[in-house]
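Inside the fold
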Amino acid sequence: MPAGGHAGEETPPARPGTEANRSIRHASVTAGVGLLLMSALAGFGKFVALDGLVTQGNAAQTATDIMGSEGMFRLGVMSLIVVIALDVVVAWGLYRVFSPVSTSLSMLAAAFRLVYGGVFLVAIGQLLGALRLLGNDAYLSVLGADQLHAQALLGITAFNDLWVVALGLFGVHLVLIGYLAYRSGYVPRPLGVLLAIAGLGYVIDSAGIVLSQGLWTSIGAFTFIGEFLLALWLIIRGPRLTVSESRLHGHPIPVAR
């Protein structure tokens, strides 16, 4: 029998549980970083590049402002497209982090986020259509300037409407993630509650804007804190996350070291 430590001795393979935990840790950090990047890009794209250039009810002013800062508007649209790509990455990361709690619910949560991303992508297409209307394409000369401006503003309004509907789907995703976090044993339960509240806020906003005949005060603007705290937890605690062998095989209970 060869002596231990010889050059030819093979390193024992890592235990399956060790590899699974390493995968979960990597997914946790990836999802956390993705969430923070998304927050910055979505904030710029929606609130700076879009809302900052759109004057609701004034199509002519909106057209003037957008064409005067076309580069920023296009950069904002591009940032929103990157957000959708990050949504796919985050959906995978959160599925991997919470699959030890429930594979089926984690997959359902990921599906809602992916469908949300698909609807959001359709909404962004409305912004590109608005830019086309405000361009110099020759075939648009048959329409007057007022018509073009009005249709462009209508396209931007359609973007907002589709985004609101998509946020309802995103809210369901957050409610499921909040439930999984609450039941996990390795995520603080208050964080799971805050995530569920954030999700309910988006669902209520989506339903309220669709059903209300007047102005609607956004609830999600006050309940979103759970999303930000989740991103921090994934980055700070994720690299040290350890899930027990029994949980990895579909039994109770995960532990965090």
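Refer to the structure printed above.
Residues numbered from 1 in each chain as written. Predicted model: local features only at pLDDT ≥ 70, side-chain atom pairs only at ≥ 80, totals over all residues. Heavy atoms only, no water.

Another aspect to go through is the nonpolar core. One finds Phe-98 and Phe-120 to be the most contacted residues of the largest nonpolar core, which totals 57 residues. The biggest single contributor to this core is helix α5 (residues 145-184), with 14 residues. (Core = buried A, V, L, I, M, F, W, Y, C linked by side-chain atoms within 4.5 Å. Buried < 20%, exposed > 50% of the residue type's maximum accessible area, 1.4 Å probe, protein only. Helix = DSSP H or I, 4+ residues; strand = E, 2+ residues; numbered from the N terminus.)

The next subject is the layout of surface pockets. A water-sized probe, rolled over the atoms, reveals where empty space remains. Roughly 980 Å³ of volume is contained in the largest pocket. Lining the largest pocket are 34 residues; nearest its centre among them are Ala-42, Phe-47, Trp-163, Leu-167 and Tyr-202. Split into classes, the residues belonging to the lining of the largest pocket amount to 19 nonpolar, eight polar and seven charged. Put simply, the second largest pocket is a space of about 200 Å³. What lines the second largest pocket is simply Ile-209, Gly-214, Leu-215, Trp-216 and Ser-218. Grouping the constituent residues of the lining of the second largest pocket by class yields three nonpolar, two polar and no charged. (1 Å grid on protein atoms, 1.4 Å probe; cavity = no way out; pocket = protein on both sides within 12 Å on 5 of 7 lines; lining within 4 Å. Points joined across faces, edges and corners; volume = space filled by probe spheres on them. Nonpolar A, V, L, I, M, F, W, Y, C, P; charged D, E, K, R; others polar.)

As a further point, take empty space enclosed by the protein. Counted under the stated rule, the structure contains two cavities of 30 Å³ or more. In this structure, the largest cavity spans a volume of roughly 40 Å³. Elements represented by at least two residues in the lining of the largest cavity include exactly α5 and α8 (225-236). Of the residues contributing to the lining of the largest cavity, the split by class is five nonpolar, no polar and two charged. The calculated volume of the second largest cavity comes to roughly 30 Å³. Among the elements of the structure, α1 (16-50) and α3 (70-98) are those that each provide at least two residues to the lining of the second largest cavity. If one sorts the elements of the lining of the second largest cavity by residue count, α3 sits on top with four residues. Split by residue class, the lining of the second largest cavity holds six nonpolar, two polar and no charged.

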